[in-house]
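One letter stands for each residue in the lines below.
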Amino acid sequence: MILKLAVLFYFSGTGNTWWVTKEIANRLLDKGFDCQYYSIELDELKDPNNVLKIVKDCGLIGIGYPIYGSEIPDPMRKFL
């Protein structure tokens, strides 16, 4: 079996987006992906070089965040 690599980045204000991200990661694991997920609020992700190292060999990159007044939250906007 070929192992597929996936990484999910999320911002969660109340924990709901974290929960959904965790559930998506579990589904991806069930489908044969090697999946990791990261809160964009981690200090190590403030360095773009660290983000590049994480995504370098990924076949799938996911982004999750809540909607605030029909807009993307500022922390996610800055991360992207």
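Up top you'll find the structure we're talking about.
It should be emphasised that the depicted structure is a prediction, and the values quoted were computed from it without experimental measurement. (Residues numbered from 1 in each chain as written. Predicted model: local features only at pLDDT ≥ 70, side-chain atom pairs only at ≥ 80, totals over all residues. Heavy atoms only, no water.)

Quick look at the pattern of salt bridges
Inspection of every chain in the model, using the stated rule, returns 4 salt bridges. The closest approach of N and O atoms between Asp-57 and Lys-56, which form a salt bridge, is 3.9 Å. Residue class for Asp-57 comes out exposed when judged on its relative accessible area of 55%. When its relative accessible area of 64% is taken as the criterion, Lys-56 is described as exposed. Its salt-bridge partner being Glu-71, residue Arg-77 comes within 3.5 Å of it at the nearest N-O pair. Residue classification places Arg-77 among the partly exposed residues on the basis of a relative accessible area of 43%. By relative accessible area, Glu-71 is classed as partly exposed at 45%. In the salt-bridge network here, residues are joined through shared partners; they are Glu-71, Asp-74 and Arg-77. (Salt bridge = Lys/Arg side-chain N within 4 Å of Asp/Glu carboxyl O. Buried < 20%, exposed > 50% of the residue type's maximum accessible area, 1.4 Å probe, protein only.)

Quick look at a nonpolar patch on the surface
Judged by side-chain polarity, Trp-18, Trp-19, Val-20, Ile-24 and Tyr-37 come together as a nonpolar surface patch covering roughly 470 Å² of accessible area. Of the residues forming the nonpolar patch, the biggest block, 4 residues, is contributed by helix 1 (residues 16–30). Structurally, Val-20 is set in helix 1. (Patch = residues over 30% accessible without salt bridge, like charges linked within 9 Å, V, L, I, M, F, W, Y side chains within 5 Å. Areas by Shrake-Rupley, 256 points an atom, 1.4 Å probe, with all protein chains shown as cover. Helix = DSSP H or I, 4+ residues; strand = E, 2+ residues; numbered from the N terminus.)

Description of the packing of aromatic side chains
Enumeration according to the criterion identifies 3 aromatic pairs in this entry. On the basis of an interplanar angle of 50° and a centroid distance of 5.2 Å, the ring pair of Phe-9 and Phe-79 is categorised as tilted. On the criterion of sequence distance, the pair formed by Phe-9 in strand 1 (residues 4–10) and Phe-79 in helix 3 (residues 74–79) is long-range, its members being 70 residues apart. Each ring, one from Tyr-10 and one from Tyr-37, has its centre 6.3 Å from the other, and the planes form 50°; the classification is tilted. Residue Tyr-10 is located in strand 1, and its partner Tyr-37 is located in strand 2 (residues 33–39); the two are separated by 27 residues in the primary sequence. Owing to a relative accessible area of 11%, Tyr-10 belongs among the buried residues under this scheme. (Phe/Tyr/Trp six-rings, centres within 6.5 Å; stacked < 30°, edge-to-face > 60°.)

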